[in-house]
Amino acid sequence: MAEFWGVLAAAASSAFGGTSIGATRYLVAHVDPLAIGSFRFGIGCLLLAPIALISGQRWPNRRDWLQTAGLGLLFFAVFPVLFNASLIYTTSARGALALSTLPLLTLVVGALLGSEALTTRKTAGVLTAMAGVGFALLSGLGHAPPMAWLGDLLMIAAAFCMALYGIWSKPVIRRCGPIPFTAVAMAIGALILIAVSALRGSFDAVAQFGWQQWSAAIYLGAFGAALTFYLWAFALERASPTRVAVTVTVNPVTASLVGALMLNEPIGWNLVVGIVVVGVGIWLATTDGARGLPSAGRSAT
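Quantities reported herein were computed from a predicted structural model and do not represent experimental measurements.

K.L.:
It is not clear to me how a nonpolar patch on the surface should be interpreted in this structure. Could you clarify?
P.N.:
There is a patch of nonpolar side chains on the surface, built from Leu73, Val78, Ile192 and Val196 and spanning about 270 Å² of accessible area. Residue assignment for the nonpolar patch shows that the elements contributing at least two residues are α3 (65-89) and α8 (178-200). Along the chain, the position of Val78 falls in helix α3.

Right under this line is the structure:
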């Protein structure tokens, strides 16, 4: 059942991640991407650190320090800058759709690096889930800002960073606890973002923040960072990178709902059909065809 709980945690993480796209899309109109990343992961790290200290889980040891630092730089510094910058140019729906290339990127990169087998069932599941995402967001894709293509490319680059993180972090997470690992990696990324933001004067706009902007920033730290990435690490400890990554197709659905509620971005009836197709794709990619159950006890491929 370990892999089942891993996939479930990944789906929950992706759902919170989708709401974070909407919150970020709101904040980029008020402050630059570096400052948003600083708030998101700075607050997230402050919330995770005490939990990591009392959890009793193993911390990254000396041989893992360099790899943990590199992963922290990749995922909690480079990734959020690309992620946040993309939402300056594109909508929540388009950005989420671009991010949903993550399972396909993870599948291909994992196969190239030899970390995961490229099976027919997983490939079919990934492609089905991505088709569901495309159908779900069909009505919103025609309402694109002039530079939406640039935002889409930046988000795909962010997804590539996330794919590498998912593959390279799994061995380290297995050697230590998911909470200490995530707290350390997030702290490294947050410190870099805060330092660069301070040097660039990115925090100057914070003086104009009202309660709406502060609420969005705190939400990103608590739910979009601490909870989202703890659940992601929890999932990577128990399930294969592709099975975890395919759940990111939940992300565009919640992003579209938040975009519609907060930013008046359009959604249509096709969202419901798309949700069903996404669910079928996740089921195909995360279950064993012979039994219809997560393949616990087998090789995580």
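K.L.:
I keep staring at the nonpolar core and nothing clicks. Help me out?
P.N.:
A general tendency of soluble globular proteins is for nonpolar side chains to be buried together. Counting residues in hydrophobic clusters, the biggest one holds 55 residues, and the most contacted among them are Phe79, Leu99 and Tyr165. Looking at this core, the element that brings in the most residues is helix α7 (residues 148-175), giving 11 residues. Contact partners of Tyr165, with chain neighbours within four places excluded, come to Leu71, Leu74, Phe75, Phe76, Phe181, Trp232 and Leu236. Core analysis: the second largest hydrophobic core is formed by 13 residues, Val28, Phe39, Phe209 and Leu220 among them.

K.L.:
Got a minute to help me understand the pattern of salt bridges in this structure?
P.N.:
A side chain of one charge can pair with a side chain of the opposite charge when the charged atoms of the two come close. Summed over the entire model, instances satisfying the criterion amount to two salt bridges. Between Asp64 and Arg175 there is a salt bridge, with the nearest N and O atoms lying 2.6 Å from each other. One end of the pair, Asp64, is in the loop between α2 (33-55) and α3; the other, Arg175, is in helix α7, with 111 residues separating them in the sequence. On the accessibility criterion, Asp64 (2% relative accessible area) is buried. Between Glu237 and Arg238 there is a salt bridge; the shortest N-O distance is 2.5 Å. Judged by relative accessible area, which is 23%, Glu237 ranks as partly exposed.

K.L.:
Would you explain empty space enclosed by the protein in this entry?
P.N.:
Remark: the empty space left among the atoms is shown by a probe the size of a water molecule rolled over them. Enumeration according to the criterion identifies two cavities of 30 Å³ or more in this entry. One number sums up the size of the second largest cavity: a volume of about 40 Å³. If you trace the second largest cavity, you find it lined by Leu102, Thr106, Met162, Ala163, Gly166, Trp232, Leu236, Pro241 and Ala245. Secondary-structure elements contributing two or more residues to the lining of the second largest cavity are α5 (102-113), α7, α9 (211-238) and α10 (241-245). When residues of the lining of the second largest cavity are assigned to their parent elements, the largest contribution, three residues, is made by α7. Tallied by class, the residues present in the lining of the second largest cavity amount to seven nonpolar, two polar and no charged.

K.L.:
What am I meant to see in α8 here?
P.N.:
Because each turn of an α-helix spans 3.6 residues, side chains separated by three or four positions in sequence point in the same direction. Compared with the 33 Å implied by 1.5 Å per residue over 23 residues, the 33 Å span of α8 between its first and last C-alpha is a close match. Pro178, Ile179, Pro180, Phe181, Thr182, Ala183, Ala185, Met186, Gly189, Ala190, Leu193 and Ser197 are the residues of α8 that are buried. Of the surrounding elements, those touching the buried residues of α8 are α2, α3, α7 and α9. One or two positions beyond α8, positive phi appears at Gly201, with a value near 75 degrees.

K.L.:
Can you walk me through the packing of aromatic side chains in this structure?
P.N.:
Each aromatic ring pair is specified by the distance between its two centres and by the angle formed by the two planes. Within the structure shown, the criterion is met by 17 aromatic pairs. Taking the centre distance of 5.0 Å and the plane angle of 90 degrees together, the rings of Phe75 and Phe229 count as edge-to-face. Of this pair, Phe75 sits in helix α3 while Phe229 sits in helix α9, placing them 154 residues apart in sequence. By the burial criterion, Phe75 is buried, and Phe229 matches it. The interplanar angle of 25 degrees and the centroid separation of 5.1 Å between the aromatic rings of Tyr219 and Phe223 together place this pair among those described as stacked. Of this pair, Tyr219 and Phe223 both sit in helix α9, four residues apart, which is roughly one turn of the helix. What makes Phe223 partly exposed here is its relative accessible area of 35%. Taken together, the ring pairs connect Phe41, Phe75, Phe76, Phe79, Phe83, Tyr165, Phe181 and Phe229 into an aromatic cluster. Residue placement shows Arg40 over the ring face of Phe83; its charged tip is 5.5 Å from the ring centre.

Rules behind the numbers
- Residues numbered from 1 in each chain as written.
- Predicted model: local features only at pLDDT ≥ 70, side-chain atom pairs only at ≥ 80, totals over all residues.
- Heavy atoms only, no water.
- Patch = residues over 30% accessible without salt bridge, like charges linked within 9 Å, V, L, I, M, F, W, Y side chains within 5 Å.
- Areas by Shrake-Rupley, 256 points an atom, 1.4 Å probe, with all protein chains shown as cover.
- Salt bridge = Lys/Arg side-chain N within 4 Å of Asp/Glu carboxyl O.
- Helix = DSSP H or I, 4+ residues; strand = E, 2+ residues; numbered from the N terminus.
- Core = buried A, V, L, I, M, F, W, Y, C linked by side-chain atoms within 4.5 Å.
- Buried < 20%, exposed > 50% of the residue type's maximum accessible area, 1.4 Å probe, protein only.
- Contact = heavy atoms within 4.5 Å.
- 1 Å grid on protein atoms, 1.4 Å probe; cavity = no way out; pocket = protein on both sides within 12 Å on 5 of 7 lines; lining within 4 Å.
- Points joined across faces, edges and corners; volume = space filled by probe spheres on them.
- Nonpolar A, V, L, I, M, F, W, Y, C, P; charged D, E, K, R; others polar.
- Expected span 1.5 Å × (residues − 1).
- Phe/Tyr/Trp six-rings, centres within 6.5 Å; stacked < 30°, edge-to-face > 60°.
- Lys NZ or Arg CZ within 6 Å of the ring centre and 35° of its normal.

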